[in-house]
Amino acid sequence: TTMAKLGFTWGSSAALAALIALGCWASRFRVGRGSSAYGDLSAQPVGCACTPLVHHAHLTRTPMATQTPCDNATTTAHRHYADMWSRAKPLLAKGDVTLDSHLGPSRSVTDFRRGLTLIARLSPPTQDAVLAMLQEFPEAYTYPRSDLHVTVLSLVSAASGWVPSEVEIAAYKEGIRAVLESSPPIAVTFCGVSASAAAVVVQGFPRADGLNALRDRLREAVIALGFGDRLDVRYKITTCHSTVARFYQRLPDPAVFVRRLSEHRSTPFGEVTVAQMDLVINDWYMSQQNIQRIESYSLKGMR
């Protein structure tokens, strides 16, 4: 009886050890929704003596149990980004990109297009994650850290010949202040990339619909100032994307470019609480050397 009990105890322990080892091994190959075939490289089972896998910032994925906005195909923003990607992917795969002659090694110094824009900045950790991803795309013009932004509202689309007056700028400053001073901070999750034939964007998903409600109030204020004809000249912005790359040359290997970009369709870049917005005079790319900050606004309203 004693031997049988010992044998039973040993057998159970061995089975338990085998199960734990199997769990360690299997955890390295978990693939959850919103992750790539690499799985969650940073996760290790509690109490497991597995050898840690090398952690690469550009491959970090949200743990399997966590749902990200990239997983929610029912939102308007998600559908917009998905439609963008479905239109862009076949064009990019053929190398049919829209080239920007103002960019690249011979970047034009005679680009005098200027506009007026209300912008928000990405947080440093989100910038880090975006820049790590952009290192994989040397064939494109990628935005430097100083130029990464989200357009809240384009008040005057960048164009040659626009010269603002002091009276005009003063009116914009006060009209925008009246709206933003009572507005609460806006939480945004940046997750995944999409594209057009002209650019690559990081997808932003604001919590609830606070951003577009704020945009509508800003539009009303600008129209009341008499400047409504300048709003939404290019398109009416409804998303919270950040343009991070453009094309200045033909893609040397379009298929490889699309494959690499596809791998980041659900990459998480972080969450940002937008508590400050800047009114700036800017060039087309929000370049640091050409940007002029007119006013900064803090969002301190109650949620």
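Residues numbered from 1 in each chain as written. Predicted model: local features only at pLDDT ≥ 70, side-chain atom pairs only at ≥ 80, totals over all residues. Heavy atoms only, no water.

Of note, Ala208 is a non-glycine position whose phi angle comes to about 55°, a positive value. Mapped onto the secondary structure, Ala208 falls in the loop between strand 5 (199-206) and helix 5 (210-225). The exposed category is assigned to Ala208, whose relative accessible area is 71%. Although it is not a glycine, Met286 adopts a positive phi angle of roughly 60°. Structurally, Met286 is set in the loop between strand 8 (276-282) and strand 9 (292-298). (Helix = DSSP H or I, 4+ residues; strand = E, 2+ residues; numbered from the N terminus. Buried < 20%, exposed > 50% of the residue type's maximum accessible area, 1.4 Å probe, protein only.)

Where helix 4 (residues 166-180) meets helix 5, the axes come as close as 9 Å, and the angle between the chain directions of the two elements is 145°. Taken as a pair, helix 4 and helix 5 cross one another with a handedness that is right-handed. Residues Ala171, Tyr172, Gly175, Ile176, Val179 and Leu180 of helix 4 touch helix 5, and the partners they reach there are Leu214, Arg217, Leu218, Ala221, Val222 and Leu225. (Axes fitted to C-alpha atoms, helices over the stretch in contact; angles between N-to-C directions. Left-handed = near helix turned anticlockwise from the far one by under 90°. Contact = heavy atoms within 4.5 Å.)

With that settled, the discussion passes to the sheet that holds strand 6 (residues 242-246). Sheet strands pair via backbone hydrogen bonds, and the direction of the pair is either parallel or antiparallel. On the basis of which strands lie adjacent, the open sheet formed by five strands has the order 2-6-5-4-7 and antiparallel pairing. Strands at the two margins of the open sheet, each flanked by one partner only, are strand 2 (141-142) and strand 7 (268-274). Here strand 2 pairs with strand 6 via two bridges, running antiparallel. From the neighbouring strand, Tyr141 faces strand 6, where its bridge partner is Arg246. (Pairing = 2+ DSSP bridges.)

Let us look at the pairing of strand 5. When you tally the buried positions in strand 5, you get seven out of eight residues, the bulk of the element. Both strand 4 (residues 186-195) and strand 5 contribute to a ladder of six bridges, which runs antiparallel. What sits directly across from Ser194, in strand 5, is Val201. Pairing of strand 5 with strand 6, which is carried by four bridges, proceeds in the antiparallel orientation. Looking at strand 6, one finds that Val202 is bridged to Ser242.

One pass over the structure, following the stated rule, counts five aromatic pairs. When the centroid spacing of 5.7 Å and the interplanar angle of 65° are considered together, the rings of Phe247 and Phe257 count as edge-to-face. Here the residue Phe247 occupies a position in the loop between strand 6 and helix 6 (254-262), and Phe257 occupies one in helix 6, the gap between them amounting to ten residues. In this structure an aromatic cluster arises from ring pairing among Phe137, Phe247 and Phe257. (Phe/Tyr/Trp six-rings, centres within 6.5 Å; stacked < 30°, edge-to-face > 60°.)

Quick look at the layout of surface pockets now. Of the volumes computed, that of the largest pocket is approximately 780 Å³. Lining of the largest pocket is provided by 35 residues; of these, Arg234, Tyr235, His241, Thr243 and Arg246 occupy positions nearest its centre. For the lining of the largest pocket, the secondary structure elements donating two or more residues are helix 2 (76-93), strand 1 (114-120), strand 3 (150-159), strand 5 and strand 6. Of the residues forming the lining of the largest pocket, the biggest block, six residues, is contributed by strand 3. Broken down by class, the residue content of the lining of the largest pocket amounts to 15 nonpolar, 14 polar and six charged. By volume, the second largest pocket is sized at about 360 Å³. Taken together, 21 residues form the lining of the second largest pocket, with Ala77, Phe205, Pro206, Arg207 and Ala208 sitting closest to its centre. Residue assignment for the lining of the second largest pocket shows that the elements contributing at least two residues are helix 2, strand 4, strand 5 and helix 5. (1 Å grid on protein atoms, 1.4 Å probe; cavity = no way out; pocket = protein on both sides within 12 Å on 5 of 7 lines; lining within 4 Å. Points joined across faces, edges and corners; volume = space filled by probe spheres on them. Nonpolar A, V, L, I, M, F, W, Y, C, P; charged D, E, K, R; others polar.)

Take the environment of Leu218 next. Position of Leu218 relative to the elements: it lies in helix 5. Since its relative accessible area comes to 2%, Leu218 is described here as buried. Spatially, the C-alpha atoms of Leu218 and Ile176 are 6.5 Å apart, while their sequence positions differ by 42 residues. With residues near it in sequence (within four places) discarded, Leu218 still touches Leu118, Val152, Leu153, Ile176, Val179 and Leu180.

Geometric descriptors of this kind do not, in isolation, establish any biological role.
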